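Observations on the three-dimensional arrangement
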Amino acid sequence: TNGFHYGSSSSSWVRLNVGGKVFQTTRSTLMREPCSFLYRLCQDEMGLPTDRDETGAYLIDRDPDFFSPILNYLRHGKLIMNPGLSEEGILAEADFYNLPSLSQLIMDRIQDRENSVKDATNK
Amino acid sequence: TNGFHYGSSSSSWVRLNVGGKVFQTTRSTLMREPCSFLYRLCQDEMGLPTDRDETGAYLIDRDPDFFSPILNYLRHGKLIMNPGLSEEGILAEADFYNLPSLSQLIMDRIQDRENSVKDATNK
Amino acid sequence: TNGFHYGSSSSSWVRLNVGGKVFQTTRSTLMREPCSFLYRLCQDEMGLPTDRDETGAYLIDRDPDFFSPILNYLRHGKLIMNPGLSEEGILAEADFYNLPSLSQLIMDRIQDRENSVKDATNK
Amino acid sequence: TNGFHYGSSSSSWVRLNVGGKVFQTTRSTLMREPCSFLYRLCQDEMGLPTDRDETGAYLIDRDPDFFSPILNYLRHGKLIMNPGLSEEGILAEADFYNLPSLSQLIMDRIQDRENSVKDATNK
Amino acid sequence: TNGFHYGSSSSSWVRLNVGGKVFQTTRSTLMREPCSFLYRLCQDEMGLPTDRDETGAYLIDRDPDFFSPILNYLRHGKLIMNPGLSEEGILAEADFYNLPSLSQLIMDRIQDRENSVKDATNK
């Protein structure tokens with residue numbers, strides 16, 4: 001239940017080329033949110049011809065560094081943000097990939113940050 | 001409208017080798033600002049012979065790390081800066097690629113930063 | 001005793017493809033914690049067919065950046081966290097790989113951090 | 001005048017393997033400072049046999065991360081330092097590559113930093 | 001004297017695969033400290049069969065990010081630490097590679113850091 005799909009026959013591996021950097025994940029991870037861009041991408045594989053690079057990875061014209069927290073959210077459902085990464089940058093990606101529950105989590109965190117700045121200023 | 005050009009037949013993929021690191025994006029992203037260096041680069045592809053590496057990527061003699069926010073700006077029109085990246089470094093690139101609207105955004109942010117430092121010092 | 005297994009005939013090298021990034025380590029490092037996911041992975045090599053990429057590396061559908069402190073813990077038994085990496089992100093991985101002693105170390109550190117924030121606020 | 005040598009026939013591309021990481025730049029960038037190590041490197045290409053890796057890149061036994069601000073200085077003449085990079089580390093490289101004007105810029109910045117620390121302490 | 005061994009016939013290049021990342025350096029750099037693990041590694045090349053990856057690089061089962069300051073110390077004798085890197089993490093590597101003079105430098109710096117924290121708290 002907690003991600004041990006390694007070795008299971010139902011999972012299949014997918015390679016994504018996001019802005020020039022390759023990520024490797026499973027179809028089941030990408031299909032966790034039915035309304036998302038990544039869900040649609042996996043369905044396209046069945047039918048429509050789609051853009052792939054020379055190694056067969058799906059091409060996505062977005063930033064690779066901000067994609068990591070997006071993919072991790074689909075893997076385990078948590079919003080994990082390193083201090084060095086801009087919250088606004090991850091929000092732009094969550095909006096692009098159409099993950100409204102994740103966008104909401106990030107907006108809550110931005111709100112918290114701004115409130116704590118205000119508190120510190122008003123002291 | 002919000003970037004879902006994936007799979008569209010009108011987009012074509014372009015590889016850029018910026019200072020040794022490869023970025024992958026679309027021609028439509030690079031052609032978003034008609035006065036920019038990257039717009040001219042795409043037009044050159046039609047006519048003039050240009051410098052390419054052995055994999056066919058366009059060679060650009062600039063820093064790759066500061067190029068990410070430049071490319072992201074062309075992708076979604078926002079200035080996203082990670083805390084670990086120097087604002088002056090991104091400004092130098094926005095000037096080089098001839099993106100005056102982005103340069104202005106960065107200069108505004110530098111001004112804000114300096115004002116808040118002054119405020120803290122004068123308290 | 002302190003990791004000089006280099007050149008020893010009993011060690012064998014293993015390649016892991018974690019979310020698209022390749023790590024290289026030894027079987028003896030991966031088998032240091034008998035209940036962990038990575039221990040089971042090494043045992044599977046003997047028997048069950050498992051998921052590998054085209055270079056023979058084991059595929060694991062998790063974040064590569066948060067994997068570094070996990071692997072280092074197995075190498076030398078210490079919890080080393082760079083300031084730029086989210087503690088909650090490493091905890092999610094320690095839980096996934098089933099390393100309860102490491103999870104406990106991280107939770108202790110998160111507790112310490114929160115206590116020191118509280119101390120600073122109550123001053 | 002501001003770096004648009006792209007496509008010009010007088011520039012030729014050079015690959016550097018700095019401590020294992022490959023950088024790509026032009027001969028004209030590397031030859032901007034006549035007394036520097038990198039200028040000499042380009043001249044050697046004409047005559048003496050020199051150390052190259054298997055892809056033809058020049059081998060340099062130095063740190064790659066601290067090399068980025070060095071190369072950027074030769075590209076545009078500015079000292080751009082990300083907050084996460086040690087000033088002393090860049091100074092060691094500026095000295096090694098024999099770029100005294102850059103070394104001076106870094107030493108000025110270190111001096112500024114130490115003065116502002118002293119100011120804060122004496123308040 | 002200051003590292004310009006480039007092009008010298010007495011230097012030979014060595015590739016190290018540290019935890020999956022490749023570093024390139026010279027034998028003379030690795031042999032700077034006679035008691036170190038890396039000195040022994042270079043001697044082994046003469047005699048004993050050793051572990052190499054498929055490209056001929058020496059395999060070392062340690063973290064690559066913390067290896068950079070270790071290698072830089074052997075290159076120029078200075079301890080350069082980026083703010084984003086844990087001091088305890090570099091110490092663990094200096095101990096592993098058996099570089100007691102470097103370990104001492106790091107412990108001094110940790111001591112300085114803890115003293116300045118104490119000073120700030122007692123004010």
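Right, let's get into the overall build of chain A. Summing up its helical and strand segments, chain A has five helices and three strands in all. Counting from the amino terminus, chain A carries its helices and strands in the arrangement β-β-α-α-β-α-α-α. Taken across its 123 residues, chain A has 50% of its residues classed as buried. Long-range contacts, defined as pairs at least 24 residues apart, comprise 50% of the intrachain contacts of chain A with a sequence gap of at least 6. Of the accessible surface of chain A, which amounts to about 5,700 Å², a share of 52% is contributed by carbon and sulfur atoms.

Okay, the sheet that holds strand E2 (residues 21-26) of chain C next. Residue and element names in this part refer to chain C. Read from one edge of the open sheet, three strands run E2-E1-E3, paired in mixed fashion. Lying at the two open borders of the sheet, with one neighbouring strand each, are E2 and strand E3 (58-60). Neighbour to neighbour, the strand axes of the sheet diverge by 30° on average, direction disregarded. Strand direction decides the pairing type here: strand E1 (residues 13-18) and E3, joined by three bridges, are parallel. The partner of Leu-16 across the bridge, within E3, is Tyr-58. Helix-sheet contacts for helix H3 (residues 67-76) involve E1 and E2, and the interaxial angle to E2 is about 5°.

For the match of chain A to chain C, the screw axis carries a shift of 0.0 Å, the RMSD comes to 0.0 Å, and the turn is 72°. On this basis, the relationship between the two copies can be described by a five-fold rotation axis. Of the C-alpha atoms belonging to chain A, the one lying closest to the rotation axis is found on Gly-84 of chain A, 5.0 Å away. Each copy contacts the other with its own distinct surface, as only 8% of the interface residues of chain A are interface residues in chain C too.

With that settled, consider the interface of chain B and chain A. It is common to report an interface's size as the accessible area lost on association of the parts. Listed by partner, the interface residues are 26 residues for chain B and 29 residues for chain A. Together chain B and chain A conceal approximately 2,100 Å² of surface at their shared face, both sides included; 51% is due to carbon and sulfur atoms. Applying the counting rule to chain B against chain A returns two salt bridges. Asp-61 of chain A is paired through a salt bridge with Arg-75 of chain B; the nearest N and O atoms lie 2.8 Å apart. Counting only elements with at least two residues in the side of chain B that touches chain A, the list comes to strand E1 (13-18), strand E2 (21-26) and helix H3 (67-76) of chain B. With five residues, the top contributor of residues to the side of chain B that touches chain A is E2 of chain B. A per-class count over the side of chain B that touches chain A returns eight nonpolar, 14 polar and four charged.

This part is about the interface of chain A and chain C. Taken together, the 26 residues of chain A in the interface contact 29 residues of chain C. Counting the surface lost from both chain A and chain C, the interface buries some 2,100 Å², and carbon and sulfur atoms represent 51% of this. The interface formed by chain A and chain C holds one salt bridge in total. Joining chain A to chain C, the criterion identifies 10 residue pairs in polar contact (both at pLDDT 80 or more). Listing elements by their share of the side of chain A that touches chain C, those giving two or more residues are strand E1 (13-18), strand E2 (21-26) and helix H3 (67-76) of chain A.

On to helix H3 (residues 67-76) of chain E. With respect to burial, H3 of chain E is a largely interior element, 10 of its 10 residues being buried. Residues of H3 of chain E that are buried: Phe-67, Ser-68, Pro-69, Ile-70, Leu-71, Asn-72, Tyr-73, Leu-74, Arg-75 and His-76 of chain E.

Right, let's talk about the sheet that holds E2 of chain A for a bit. Residues and elements named next belong to chain A. Strand order in the open sheet formed by three strands is E2-E1-E3, and the pairing between neighbours is mixed. Looking at strand neighbours, the two that pair on one side only are E2 and strand E3 (58-60), the edges of this open sheet. Adjacent strand axes in the sheet meet at a mean angle of 30°, parallel and antiparallel pairs treated alike. Here E1 runs beside E2; their pairing, made up of six bridges, is antiparallel. Residue Leu-16 lies in a different strand from E2, and its bridge partner there is Phe-23. Along the sheet, H3 makes contact with E1 and E2, crossing E2 at roughly 5°.

On to unusual backbone geometry. The phi torsion at Asn-98 of chain B lies on the positive side, around 60°, for a residue other than glycine. Structurally, the position occupied by Asn-98 of chain B is in the loop between helix H4 (87-96) and helix H5 (100-122).

Moving on, we get to the packing of aromatic side chains. For the structure on display, the rule yields 25 aromatic pairs over all chains. Relative to Tyr-97 of chain C, the ring of Phe-37 of chain C lies with its centre 5.8 Å away and its plane at 45°, an arrangement referred to as tilted. Here Phe-37 of chain C, found in helix H2 (residues 37-46), pairs with Tyr-97 of chain C, found in the loop between helix H4 (87-96) and helix H5 (100-122); they are 60 residues apart in sequence, far enough to count as distant. A relative accessible area of 0% means that Tyr-97 of chain C is categorised as buried. A connected cluster of aromatic rings, assembled from ring pairs, spans Phe-23, Phe-37, Phe-67, Phe-96 and Tyr-97 of chain A.

Below, the discussion takes up a positive patch on the surface. There is a patch of like positive charges on the surface, built from Lys-21 of chain A, Lys-21 of chain B, Lys-21 of chain C, Lys-21 of chain D together with Lys-21 of chain E. Mapping Lys-21 of chain C onto the fold places it in strand E2.

Moving on to the relation of the copies chain B and chain A. With an RMSD of 0.0 Å, the fit of chain B onto chain A corresponds to turning through 72° and sliding 0.0 Å along the axis. Here only 8% of the contact residues of chain B are again contact residues in chain A; the copies associate through non-equivalent surfaces.

All names here are of chain E. If you add up the space inside the second largest pocket, you get close to 880 Å³. Element by element, the count of residues in the lining of the second largest pocket is highest for helix H5 (residues 100-122), at five residues. For the lining of the second largest pocket, the residue count by class is 15 nonpolar, six polar and 12 charged.

Pairing of side chains with opposite charge becomes possible as their charged atoms draw close. Tallied over the full model, the rule gives 26 salt bridges over all chains. Ionic pairing is found between Glu-93 of chain E and Arg-62 of chain E, a salt bridge with its closest N-O pair at 3.0 Å. Of the two residues, Glu-93 of chain E sits in helix H4 (residues 87-96) while Arg-62 of chain E sits in the loop between strand E3 (58-60) and H3, which places them 31 residues apart along the sequence. The same class applies to Glu-93 of chain E and to Arg-62 of chain E, which are both buried. Residues joined by salt bridges that share partners form a network here, namely Glu-87, Glu-88, Arg-113 and Glu-114 of chain A.

Criteria and cut-off values
- Residues numbered from 1 in each chain as written.
- Chains lettered and ligands numbered in written order.
- Predicted model: local features only at pLDDT ≥ 70, side-chain atom pairs only at ≥ 80, totals over all residues.
- Heavy atoms only, no water.
- Helix = DSSP H or I, 4+ residues; strand = E, 2+ residues; numbered from the N terminus.
- Buried < 20%, exposed > 50% of the residue type's maximum accessible area, 1.4 Å probe, protein only.
- Contact = heavy atoms within 4.5 Å.
- Areas by Shrake-Rupley, 256 points an atom, 1.4 Å probe, with all protein chains shown as cover.
- Pairing = 2+ DSSP bridges.
- Axes fitted to C-alpha atoms, helices over the stretch in contact; angles between N-to-C directions.
- Least-squares fit on C-alpha atoms with pLDDT ≥ 70 in both.
- Buried area = accessible area lost by both parts, 1.4 Å probe.
- Salt bridge = Lys/Arg side-chain N within 4 Å of Asp/Glu carboxyl O.
- Nonpolar A, V, L, I, M, F, W, Y, C, P; charged D, E, K, R; others polar.
- Polar contact = N/O pair within 3.5 Å; in protein donor to acceptor, adjacent residues only side chain to side chain.
- Phe/Tyr/Trp six-rings, centres within 6.5 Å; stacked < 30°, edge-to-face > 60°.
- Patch = residues over 30% accessible without salt bridge, like charges linked within 9 Å, V, L, I, M, F, W, Y side chains within 5 Å.
- Lys, Arg positive; Asp, Glu negative; His and termini not counted.
- Charge placed at Lys NZ, Arg CZ, Asp CG, Glu CD.
- 1 Å grid on protein atoms, 1.4 Å probe; cavity = no way out; pocket = protein on both sides within 12 Å on 5 of 7 lines; lining within 4 Å.
- Points joined across faces, edges and corners; volume = space filled by probe spheres on them.

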